Amino acid sequence: GFLPGQEEKNVSHVEENEMGEFHPDPRTLAARVSQWLQDPSLLRTLSLNSRRAGRPHASKSIAARLLAILDANPRPTLAPSDEPEAPPLR
């Protein structure tokens, strides 16, 4: 299954770009995967389409962009006297 919202769009994206299929019934899904495994041409097509769509370094790229934004726009820091006093350790 999938969560309604963002994942719903992911399913559409996968199906529209011939990278896979969604089947809510596990038996139907298993039968379909079995068909893929018996059809090398279809399996190759699904694989190539998935590779084309993949962005293996996307999370690192997003993190780097966010860090650059934060570095360019630093938040003001509190002066030592403005910092709340830490509670005593027990």
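A quick note: this is a predicted structure, and the numbers were derived from the prediction, not measured.

(A) Focus on the overall build of the protein chain. Scanning the protein chain for helices and strands turns up 4 helices and 0 strands. In sequence order, the secondary structure elements of the protein chain are arranged as α-α-α-α. By the compact-globule yardstick of 12 Å for 90 residues, the protein chain is too spread out, its C-alpha radius of gyration being 24 Å. Its C-alpha atoms put the protein chain at 70 × 35 × 25 Å along the principal axes. The 90 residues of the protein chain split such that 7% are buried. Sequence-distant contacts in the protein chain: of pairs separated by 6 or more residues, those separated by 24 or more amount to 32%. Accessible surface, the protein chain: about 8,200 Å² in total, of which carbon and sulfur atoms supply 58%. Across the protein chain, the mean location of the 11 positive side-chain charges is 7 Å away from that of the 12 negative side-chain charges.

(B) Broad picture of unusual backbone geometry. Even without being a glycine, glutamate 18 presents a positive backbone phi close to 50°. Mapped onto the elements, glutamate 18 comes out in the loop between α1 (6–16) and α2 (26–37).

(C) A look at a nonpolar patch on the surface. On the surface, a cluster of nonpolar side chains totalling about 290 Å² of accessible area is made up of Ile62, Leu66 and Ile69. Secondary-structure assignment places isoleucine 69 in helix α4 (residues 58–72). On the accessibility criterion, isoleucine 69 (49% relative accessible area) is partly exposed.

(D) Geometry of the pattern of salt bridges. Per the stated rule, a full pass over the model turns up 1 salt bridge. Here glutamate 21 ties to arginine 32 by a salt bridge, and the two come within 2.9 Å at their closest N and O atoms. Of the two residues, glutamate 21 is situated in the loop between α1 and α2 and arginine 32 in helix α2; the sequence distance between them amounts to 11 residues. A residue is classified by how much of its surface remains accessible, and glutamate 21, at 29% relative accessible area, is partly exposed. Note on arginine 32: relative accessible area 21%, which makes it partly exposed.

(E) Molecular detail of the side chain of asparagine 49. Assignment of secondary structure puts asparagine 49 in helix α3 (residues 40–53). Within the structure, asparagine 49 has its side chain in polar contact with the backbone oxygen of glutamate 18 (distance 2.9 Å). When sequence neighbours within four positions are dropped, the list of residues in contact with asparagine 49 reads Asn17, Glu18 and Met19.

(F) Molecular detail of the confidence of the model for the protein chain. Averaged over all residues, the pLDDT of the protein chain equals 87, while 90% of them reach at least 70. Per-element confidence in the protein chain ranges from a low mean pLDDT of 86 for α1 to a high of 96 for α3.

Conventions used here
- All chains use their own residue numbering, which begins from 1 and follows the written sequence.
- Only residues with pLDDT of at least 70 are given local features in this predicted model, and only at 80 or more are side-chain atom pairs given and counted; all residues enter the totals for whole chains, interfaces and linings.
- Working from all heavy atoms in the structure, the side-chain values ignore hydrogens and water.
- Strands here are runs of E lasting at least two residues and helices are runs of H or I lasting at least four, both read from the DSSP assignment and numbered beginning at the N terminus.
- What the globule rule says is 2.2 Å times the number of residues to the power 0.38, and the radius of gyration is computed from C-alpha atoms.
- Throughout, exposure labels follow a simple rule: accessible area from a 1.4 Å probe, protein chains only, divided by the maximum for the residue type, with under 20% read as buried, over 50% as exposed, and the rest as partly exposed.
- Any two residues whose heavy atoms approach within 4.5 Å are treated as being in contact.
- Using a 1.4 Å probe, the Shrake-Rupley method yields the accessible areas, and only the shown protein chains count as cover for residues.
- Positive charge is attributed to Lys and Arg, negative charge to Asp and Glu, and no charge count is given to His or to the chain ends.
- Just so you know, the charge point we use is NZ for Lys, CZ for Arg, CG for Asp and CD for Glu.
- Only residues whose relative accessible area exceeds 30% and that form no salt bridge enter a patch; like-charged residues are grouped when within 9 Å of one another, and nonpolar side chains (Val, Leu, Ile, Met, Phe, Trp, Tyr) when within 5 Å.
- In the sections that follow, a salt bridge refers to a side-chain nitrogen of Lys or Arg positioned within 4 Å of a carboxyl oxygen of Asp or Glu.
- We call two N or O atoms a polar contact when they sit within 3.5 Å, provided that within protein one can donate a hydrogen and the other can accept it, with sequence-adjacent residues counted only if both atoms are side-chain atoms.
- On a scale of 0 to 100, pLDDT captures the predictor's confidence in every residue.

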